[in-house]
Protein chains: 2
Amino acid sequence: MTPSHMHVPADCRTVTELLSRVGDKWSVQVVVQLGEGTKRFNELRRDVGGISQRMLTLTLRGLERDGLVTRTIYPTIPPRVEYRLTELGCSLLKTVRALGSWVIENRQQIMEARRRFDEAAGLVSRSDAA
Amino acid sequence: MTPSHMHVPADCRTVTELLSRVGDKWSVQVVVQLGEGTKRFNELRRDVGGISQRMLTLTLRGLERDGLVTRTIYPTIPPRVEYRLTELGCSLLKTVRALGSWVIENRQQIMEARRRFDEAAGLVSRSDAA
DNA sequence: CCGCATCCATTTTGATACTG
DNA sequence: CAGTATCAAAATGGATGCGG
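Residues numbered from 1 in each chain as written. Chains lettered and ligands numbered in written order. Predicted model: local features only at pLDDT ≥ 70, side-chain atom pairs only at ≥ 80, totals over all residues. Heavy atoms only, no water.

- Taking an unreviewed UniProt entry as the reference, chain A is identified by name as Transcriptional regulator belonging to Microvirga makkahensis.

See below:
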(Lines give C-alpha, C1' and ligand atoms only; values in the text may rest on other atoms or scores of the structure.)
Protein backbone atom coordinates (compact mmCIF):
# COMPACT_ATOMS: atom_id res chain seq x y z
CA MET A 1 0.00 0.00 0.00
CA THR A 2 1.96 2.95 -1.26
CA PRO A 3 0.75 6.42 -0.44
CA SER A 4 0.13 7.10 -4.09
CA HIS A 5 -2.59 4.50 -4.00
CA MET A 6 -4.25 5.87 -0.89
CA HIS A 7 -6.56 8.23 -2.67
CA VAL A 8 -9.68 6.09 -2.56
CA PRO A 9 -12.07 8.22 -0.54
CA ALA A 10 -14.40 5.47 0.66
CA ASP A 11 -11.55 3.37 1.97
CA CYS A 12 -10.01 6.31 3.70
CA ARG A 13 -13.22 7.09 5.48
CA THR A 14 -13.71 3.49 6.56
CA VAL A 15 -10.15 3.23 7.77
CA THR A 16 -10.44 6.47 9.68
CA GLU A 17 -13.67 5.41 11.25
CA LEU A 18 -12.28 2.09 12.37
CA LEU A 19 -9.08 3.66 13.57
CA SER A 20 -11.19 5.89 15.76
CA ARG A 21 -12.69 2.83 17.36
CA VAL A 22 -9.37 1.13 17.84
CA GLY A 23 -7.49 4.26 18.76
CA ASP A 24 -9.80 5.58 21.40
CA LYS A 25 -8.58 6.05 24.89
CA TRP A 26 -10.04 2.97 26.51
CA SER A 27 -10.41 0.40 23.76
CA VAL A 28 -6.69 -0.03 23.44
CA GLN A 29 -6.21 -0.61 27.14
CA VAL A 30 -9.10 -3.00 27.35
CA VAL A 31 -7.82 -5.00 24.41
CA VAL A 32 -4.36 -5.15 25.91
CA GLN A 33 -5.74 -6.28 29.26
CA LEU A 34 -7.87 -8.89 27.58
CA GLY A 35 -4.75 -10.02 25.82
CA GLU A 36 -3.78 -11.58 29.14
CA GLY A 37 -6.81 -13.80 29.05
CA THR A 38 -10.47 -13.96 30.00
CA LYS A 39 -11.51 -11.35 32.52
CA ARG A 40 -14.57 -10.31 34.43
CA PHE A 41 -16.11 -6.87 34.45
CA ASN A 42 -14.74 -5.53 37.70
CA GLU A 43 -11.47 -7.31 37.19
CA LEU A 44 -11.10 -5.41 33.95
CA ARG A 45 -12.14 -2.23 35.61
CA ARG A 46 -9.48 -2.61 38.23
CA ASP A 47 -6.77 -3.53 35.75
CA VAL A 48 -7.45 -0.74 33.31
CA GLY A 49 -7.48 1.84 36.07
CA GLY A 50 -9.18 5.20 35.92
CA ILE A 51 -12.03 4.02 33.75
CA SER A 52 -15.56 4.64 34.95
CA GLN A 53 -18.16 1.93 35.04
CA ARG A 54 -20.04 3.60 32.31
CA MET A 55 -17.07 3.92 29.98
CA LEU A 56 -16.04 0.34 30.50
CA THR A 57 -19.53 -0.78 29.60
CA LEU A 58 -19.60 1.37 26.49
CA THR A 59 -16.13 0.34 25.44
CA LEU A 60 -16.88 -3.34 25.86
CA ARG A 61 -20.12 -2.98 23.93
CA GLY A 62 -18.29 -1.31 21.11
CA LEU A 63 -15.63 -3.98 20.98
CA GLU A 64 -18.28 -6.65 21.15
CA ARG A 65 -20.18 -5.03 18.33
CA ASP A 66 -17.13 -5.06 16.15
CA GLY A 67 -16.54 -8.72 16.84
CA LEU A 68 -13.34 -8.14 18.77
CA VAL A 69 -14.62 -9.33 22.12
CA THR A 70 -17.09 -11.96 23.26
CA ARG A 71 -19.28 -11.58 26.29
CA THR A 72 -20.26 -14.69 28.18
CA ILE A 73 -22.94 -14.49 30.82
CA TYR A 74 -23.23 -17.08 33.57
CA PRO A 75 -26.72 -16.72 35.01
CA THR A 76 -25.57 -17.45 38.53
CA ILE A 77 -26.10 -15.45 41.67
CA PRO A 78 -24.24 -13.22 41.89
CA PRO A 79 -24.06 -12.78 38.13
CA ARG A 80 -20.80 -13.54 36.42
CA VAL A 81 -19.84 -12.07 33.06
CA GLU A 82 -16.63 -12.91 31.30
CA TYR A 83 -15.00 -11.00 28.48
CA ARG A 84 -12.55 -12.46 26.07
CA LEU A 85 -10.83 -11.55 22.83
CA THR A 86 -12.06 -13.22 19.69
CA GLU A 87 -9.71 -14.44 16.98
CA LEU A 88 -10.15 -11.09 15.32
CA GLY A 89 -9.43 -9.35 18.58
CA CYS A 90 -6.25 -11.36 18.99
CA SER A 91 -5.01 -10.39 15.57
CA LEU A 92 -5.73 -6.78 16.40
CA LEU A 93 -3.84 -7.17 19.64
CA LYS A 94 -0.71 -7.92 17.69
CA THR A 95 -0.98 -4.75 15.67
CA VAL A 96 -1.86 -2.70 18.72
CA ARG A 97 1.17 -4.08 20.47
CA ALA A 98 3.31 -3.08 17.51
CA LEU A 99 2.02 0.46 17.84
CA GLY A 100 2.59 0.26 21.56
CA SER A 101 6.15 -0.83 20.95
CA TRP A 102 6.73 2.10 18.67
CA VAL A 103 5.44 4.47 21.32
CA ILE A 104 7.62 2.89 24.01
CA GLU A 105 10.67 2.99 21.80
CA ASN A 106 10.16 6.59 20.84
CA ARG A 107 8.49 7.99 23.88
CA GLN A 108 11.67 9.56 25.09
CA GLN A 109 12.07 11.49 21.86
CA ILE A 110 8.44 12.54 21.91
CA MET A 111 8.60 13.70 25.48
CA GLU A 112 11.72 15.67 24.79
CA ALA A 113 10.25 17.26 21.68
CA ARG A 114 7.19 18.12 23.69
CA ARG A 115 9.22 19.64 26.48
CA ARG A 116 11.25 21.70 24.04
CA PHE A 117 8.12 22.88 22.26
CA ASP A 118 6.41 23.89 25.48
CA GLU A 119 9.50 25.68 26.67
CA ALA A 120 9.71 27.66 23.44
CA ALA A 121 6.01 28.48 23.65
CA GLY A 122 6.48 29.64 27.22
CA LEU A 123 9.25 31.98 26.15
CA VAL A 124 7.11 33.44 23.41
CA SER A 125 4.23 33.98 25.79
CA ARG A 126 6.44 35.67 28.35
CA SER A 127 7.98 38.15 25.92
CA ASP A 128 4.56 38.64 24.40
CA ALA A 129 2.89 39.35 27.71
CA ALA A 130 5.72 41.58 28.92
CA MET B 1 4.36 11.04 39.27
CA THR B 2 7.80 9.67 38.49
CA PRO B 3 7.80 6.01 37.54
CA SER B 4 10.84 5.23 39.67
CA HIS B 5 9.27 2.34 41.45
CA MET B 6 6.24 1.72 39.29
CA HIS B 7 7.40 0.03 36.15
CA VAL B 8 4.49 -1.14 34.04
CA PRO B 9 1.56 1.16 34.88
CA ALA B 10 3.37 4.37 34.00
CA ASP B 11 4.29 2.95 30.63
CA CYS B 12 0.72 1.99 30.00
CA ARG B 13 -0.47 5.48 30.73
CA THR B 14 2.15 7.00 28.47
CA VAL B 15 1.34 4.59 25.72
CA THR B 16 -2.34 5.32 26.02
CA GLU B 17 -1.79 9.02 26.01
CA LEU B 18 0.35 8.88 22.91
CA LEU B 19 -2.02 6.49 21.23
CA SER B 20 -4.72 9.06 21.75
CA ARG B 21 -2.62 11.54 19.85
CA VAL B 22 -1.86 9.16 17.06
CA GLY B 23 -5.27 7.62 16.91
CA ASP B 24 -7.30 10.77 16.74
CA LYS B 25 -9.45 11.40 13.76
CA TRP B 26 -7.25 13.83 11.89
CA SER B 27 -3.70 13.12 12.96
CA VAL B 28 -3.64 9.84 11.14
CA GLN B 29 -4.85 11.37 7.92
CA VAL B 30 -2.47 14.29 8.17
CA VAL B 31 0.46 11.99 8.80
CA VAL B 32 -0.52 9.82 5.87
CA GLN B 33 -0.85 12.86 3.61
CA LEU B 34 2.50 14.19 4.71
CA GLY B 35 3.89 10.77 3.94
CA GLU B 36 3.68 11.87 0.34
CA GLY B 37 6.07 14.71 0.98
CA THR B 38 6.22 18.33 2.02
CA LYS B 39 2.93 20.14 1.84
CA ARG B 40 1.54 23.59 2.45
CA PHE B 41 -1.33 24.40 4.76
CA ASN B 42 -4.13 24.71 2.26
CA GLU B 43 -2.75 21.90 0.18
CA LEU B 44 -3.01 19.69 3.22
CA ARG B 45 -6.44 20.99 3.95
CA ARG B 46 -7.61 20.08 0.48
CA ASP B 47 -6.04 16.64 0.53
CA VAL B 48 -7.32 15.60 3.92
CA GLY B 49 -10.83 16.66 3.04
CA GLY B 50 -13.52 17.57 5.51
CA ILE B 51 -11.15 19.07 8.04
CA SER B 52 -11.77 22.57 9.28
CA GLN B 53 -9.06 25.18 9.40
CA ARG B 54 -9.16 25.14 13.13
CA MET B 55 -8.75 21.41 13.41
CA LEU B 56 -5.96 21.33 10.89
CA THR B 57 -4.12 24.00 12.83
CA LEU B 58 -4.61 22.18 16.11
CA THR B 59 -3.65 18.85 14.63
CA LEU B 60 -0.52 20.21 13.04
CA ARG B 61 0.50 21.97 16.20
CA GLY B 62 0.02 18.79 18.17
CA LEU B 63 2.10 16.82 15.72
CA GLU B 64 4.73 19.53 15.74
CA ARG B 65 4.78 19.54 19.49
CA ASP B 66 5.45 15.83 19.54
CA GLY B 67 8.29 16.21 17.07
CA LEU B 68 6.51 14.35 14.32
CA VAL B 69 6.18 17.28 11.96
CA THR B 70 8.30 20.30 11.20
CA ARG B 71 6.88 23.65 10.28
CA THR B 72 8.91 25.86 8.01
CA ILE B 73 7.90 29.46 7.57
CA TYR B 74 9.03 31.47 4.57
CA PRO B 75 8.56 35.12 5.51
CA THR B 76 7.52 36.06 2.03
CA ILE B 77 4.42 37.91 0.95
CA PRO B 78 2.12 36.14 0.83
CA PRO B 79 3.44 33.93 3.61
CA ARG B 80 4.34 30.39 2.79
CA VAL B 81 4.37 27.63 5.38
CA GLU B 82 5.46 24.11 4.68
CA TYR B 83 4.85 21.02 6.75
CA ARG B 84 6.90 17.92 6.62
CA LEU B 85 7.35 14.68 8.52
CA THR B 86 10.41 14.40 10.69
CA GLU B 87 12.41 11.19 10.90
CA LEU B 88 10.29 10.29 13.89
CA GLY B 89 7.16 11.06 11.92
CA CYS B 90 8.31 8.82 9.09
CA SER B 91 8.87 5.91 11.43
CA LEU B 92 5.42 6.46 12.88
CA LEU B 93 4.00 6.49 9.38
CA LYS B 94 5.14 2.92 8.90
CA THR B 95 3.38 1.74 12.03
CA VAL B 96 0.27 3.69 11.20
CA ARG B 97 0.22 2.08 7.80
CA ALA B 98 0.47 -1.32 9.43
CA LEU B 99 -2.59 -0.53 11.50
CA GLY B 100 -4.29 0.78 8.39
CA SER B 101 -3.50 -2.45 6.63
CA TRP B 102 -5.01 -4.45 9.43
CA VAL B 103 -8.19 -2.43 9.23
CA ILE B 104 -8.40 -2.82 5.49
CA GLU B 105 -7.79 -6.54 5.68
CA ASN B 106 -10.36 -7.09 8.38
CA ARG B 107 -12.86 -4.43 7.64
CA GLN B 108 -15.23 -6.90 6.03
CA GLN B 109 -15.29 -9.02 9.15
CA ILE B 110 -15.80 -6.02 11.36
CA MET B 111 -18.61 -4.70 9.22
CA GLU B 112 -20.30 -8.06 9.24
CA ALA B 113 -19.92 -8.45 12.99
CA ARG B 114 -21.33 -4.99 13.39
CA ARG B 115 -24.26 -5.74 11.15
CA ARG B 116 -25.00 -8.94 13.01
CA PHE B 117 -24.79 -7.20 16.36
CA ASP B 118 -27.09 -4.40 15.29
CA GLU B 119 -29.54 -6.87 13.82
CA ALA B 120 -29.61 -8.84 17.06
CA ALA B 121 -30.07 -5.65 19.04
CA GLY B 122 -32.86 -4.67 16.71
CA LEU B 123 -34.61 -7.99 17.26
CA VAL B 124 -34.33 -7.62 21.01
CA SER B 125 -35.75 -4.14 20.86
CA ARG B 126 -38.58 -5.22 18.63
CA SER B 127 -39.65 -8.18 20.73
CA ASP B 128 -39.18 -6.06 23.79
CA ALA B 129 -41.32 -3.27 22.43
CA ALA B 130 -43.92 -5.63 20.98
C1' DC C 1 -2.07 33.13 2.05
C1' DC C 2 -1.52 31.52 6.94
C1' DG C 3 -3.60 30.86 11.19
C1' DC C 4 -5.24 32.50 15.67
C1' DA C 5 -9.27 33.82 18.80
C1' DT C 6 -14.00 33.84 19.75
C1' DC C 7 -18.62 32.14 19.90
C1' DC C 8 -21.77 28.31 19.58
C1' DA C 9 -23.62 23.44 18.80
C1' DT C 10 -22.62 18.77 19.33
C1' DT C 11 -20.39 15.00 21.47
C1' DT C 12 -18.14 12.70 25.03
C1' DT C 13 -17.21 11.70 29.68
C1' DG C 14 -17.68 11.19 34.59
C1' DA C 15 -20.24 10.96 39.10
C1' DT C 16 -24.12 9.32 41.22
C1' DA C 17 -28.01 6.62 42.23
C1' DC C 18 -30.77 2.67 41.32
C1' DT C 19 -32.11 -2.30 39.59
C1' DG C 20 -31.73 -7.50 38.93
C1' DC D 1 -21.38 -8.26 40.72
C1' DA D 2 -22.94 -6.40 36.46
C1' DG D 3 -25.32 -3.00 34.28
C1' DT D 4 -28.61 1.06 33.27
C1' DA D 5 -30.32 5.91 33.69
C1' DT D 6 -29.72 10.60 34.39
C1' DC D 7 -27.53 14.90 34.86
C1' DA D 8 -23.70 18.15 34.77
C1' DA D 9 -19.09 19.02 33.19
C1' DA D 10 -15.67 18.99 29.73
C1' DA D 11 -13.60 18.19 25.40
C1' DT D 12 -14.30 18.62 20.58
C1' DG D 13 -15.77 20.42 16.07
C1' DG D 14 -17.34 24.09 13.01
C1' DA D 15 -18.24 29.03 11.38
C1' DT D 16 -16.74 33.59 11.35
C1' DG D 17 -13.87 37.66 11.73
C1' DC D 18 -9.42 39.68 12.57
C1' DG D 19 -4.26 40.22 12.22
C1' DG D 20 0.48 39.25 10.25
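**Re the packing of helix α2 (residues 25–34) of chain B against helix α3 (residues 41–48) of chain B**
Residue and element names in this part refer to chain B.
Argument step 1. The N-to-C vectors of α2 and α3 enclose an angle of 115°; their axes lie 10 Å apart at closest approach. As the angle between them shows, α2 and α3 are arranged roughly perpendicular. In terms of crossing hand, the pair formed by α2 and α3 is right-handed. Across the interface between the two elements, Trp26, Gln29, Val30, Gln33 and Leu34 of α2 pack against Leu44, Asp47 and Val48 of α3.
Argument step 2. Residue composition of the contact of α2 with α3, grouped by class: 5 nonpolar, 2 polar and 1 charged. (Axes fitted to C-alpha atoms, helices over the stretch in contact; angles between N-to-C directions. Helix = DSSP H or I, 4+ residues; strand = E, 2+ residues; numbered from the N terminus. Parallel < 35°, antiparallel > 145°, perpendicular 65-115°, else oblique. Left-handed = near helix turned anticlockwise from the far one by under 90°. Contact = heavy atoms within 4.5 Å. Nonpolar A, V, L, I, M, F, W, Y, C, P; charged D, E, K, R; others polar.)

**Side note on the protein's contact with DNA strand C**
Argument step 1. Taken together, 19 residues form the shell around DNA strand C, and within it Arg54 and Met55 of chain A together with Asn42, Gln53 and Thr57 of chain B come nearest.
Argument step 2. Counting only the atoms of DNA strand C within 4 Å of the protein, the fraction contributed by sugar and phosphate is 54%.
Argument step 3. One of the side-chain nitrogen or oxygen atoms of Arg54 of chain A is found 3.1 Å away from a base nitrogen of DNA strand C.
Argument step 4. Gln53 of chain B is positioned such that a nitrogen or oxygen atom in its side chain is 2.5 Å from a base nitrogen of DNA strand C.
Argument step 5. Secondary-structure elements contributing two or more residues to the surface near DNA strand C are α2 (25–34) and α4 (53–65) of chain A together with α3, α4 (53–65) and β3 (80–85) of chain B.
Argument step 6. Sort the elements by how many residues they give to the surface near DNA strand C and α4 of chain B lands first, with 4 residues.
Argument step 7. Within the surface near DNA strand C, the residues separate by chemical class into 8 nonpolar, 5 polar and 6 charged. (Near = heavy atom within 4 Å. Polar contact = N/O pair within 3.5 Å; in protein donor to acceptor, adjacent residues only side chain to side chain.)

**Concerning the relation of the copies chain B and chain A**
Argument step 1. In screw terms, the move from chain B to chain A is a rotation of 179° and a rise of 0.0 Å along the axis, fitting with an RMSD of 0.4 Å. What the rotation and shift describe, once combined, is the action of a two-fold rotation axis. Considering only C-alpha atoms, the residue of chain B closest to the rotation axis is Gly23 of chain B, which sits at 2.2 Å. (Least-squares fit on C-alpha atoms with pLDDT ≥ 70 in both.)

**Focus: the pattern of salt bridges**
Argument step 1. Under the criterion given, the structure shown has 12 salt bridges over all chains.
Argument step 2. Between Lys39 of chain B and Glu36 of chain B there is a salt bridge whose closest N-O contact spans 3.4 Å.
Argument step 3. For Lys39 of chain B, a relative accessible area of 7% gives the class buried.
Argument step 4. Through salt bridges with shared partners, one network takes in Glu36, Lys39 and Asp47 of chain A. (Salt bridge = Lys/Arg side-chain N within 4 Å of Asp/Glu carboxyl O. Buried < 20%, exposed > 50% of the residue type's maximum accessible area, 1.4 Å probe, protein only.)

**Points about the interface of chain B and chain A**
Argument step 1. The interface is formed by 41 residues belonging to chain B together with 41 residues belonging to chain A.
Argument step 2. In this assembly, chain B packs against chain A so that about 4200 Å² is buried in total across both faces, 70% of it on carbon and sulfur atoms.
Argument step 3. Of all residues in chain B, the largest losses of buried area upon contact with chain A belong to Arg65, Trp102 and Arg114 of chain B, amounting jointly to 17% of the total for that side.
Argument step 4. Put simply, chain B and chain A have 4 salt bridges between them.
Argument step 5. Here Arg114 of chain A and Asp66 of chain B are joined by a salt bridge, their closest N and O atoms 2.7 Å apart.
Argument step 6. Sorting the residues of the side of chain B that touches chain A by element identifies α1 (8–23), α2, α4 and α5 (87–129) of chain B as the ones contributing at least two each.
Argument step 7. In terms of residue class, the side of chain B that touches chain A is made up of 17 nonpolar, 12 polar and 12 charged. (Buried area = accessible area lost by both parts, 1.4 Å probe.)

**Examining the sheet that holds strand β3 (residues 80–85) of chain A**
All names here are of chain A.
Argument step 1. Within the open sheet, the 3 strands sit side by side as β1-β3-β2. Their pairing is antiparallel. Single-partner strands in this sheet number two, and they are β1 (39–40) and β2 (69–74).
Argument step 2. Where β1 meets β3, 2 bridges bridge the pair, whose relative direction is antiparallel. Note that in β3 the partner of Arg40 across the bridge is Glu82.
Argument step 3. Sheet contacts for α2: β1, β2 and β3; angle to β3, the most-contacted strand, approximately 95°. (Pairing = 2+ DSSP bridges.)

**Things to note about the pairing of strand β2 (residues 69–74) of chain B**
Residue and element names in this part refer to chain B.
Argument step 1. Pairing between β2 and β3: 6 bridges, direction antiparallel. Looking across to β3, one finds that Tyr74 is bridged to Arg80.
Argument step 2. Counting the residues in the hairpin turn of β2 and β3 gives 5 residues.

**Quick look at the protein's contact with DNA strand D**
Argument step 1. As a structural note, the neighbourhood of DNA strand D is formed by 17 residues, with Phe41, Asn42 and Arg71 of chain A together with Met55 and Pro79 of chain B the closest of them.
Argument step 2. Backbone atoms, meaning sugar plus phosphate, form 62% of the atoms of DNA strand D positioned within 4 Å of the protein.
Argument step 3. The contact in question runs from a phosphate oxygen of DNA strand D to an N or O atom on the backbone of Phe41 of chain A, over 3.5 Å.
Argument step 4. Note that a phosphate oxygen of DNA strand D is positioned 2.8 Å from one of the side-chain N or O atoms of Arg71 of chain A.
Argument step 5. Sorting the residues of the surface near DNA strand D by element identifies α3 (41–48), α4 and β3 of chain A together with α4 of chain B as the ones contributing at least two each.
Argument step 6. No other element matches α4 of chain A, which puts 4 residues into the surface near DNA strand D.
Argument step 7. Considered class by class, the residues forming the surface near DNA strand D number 7 nonpolar, 5 polar and 5 charged.

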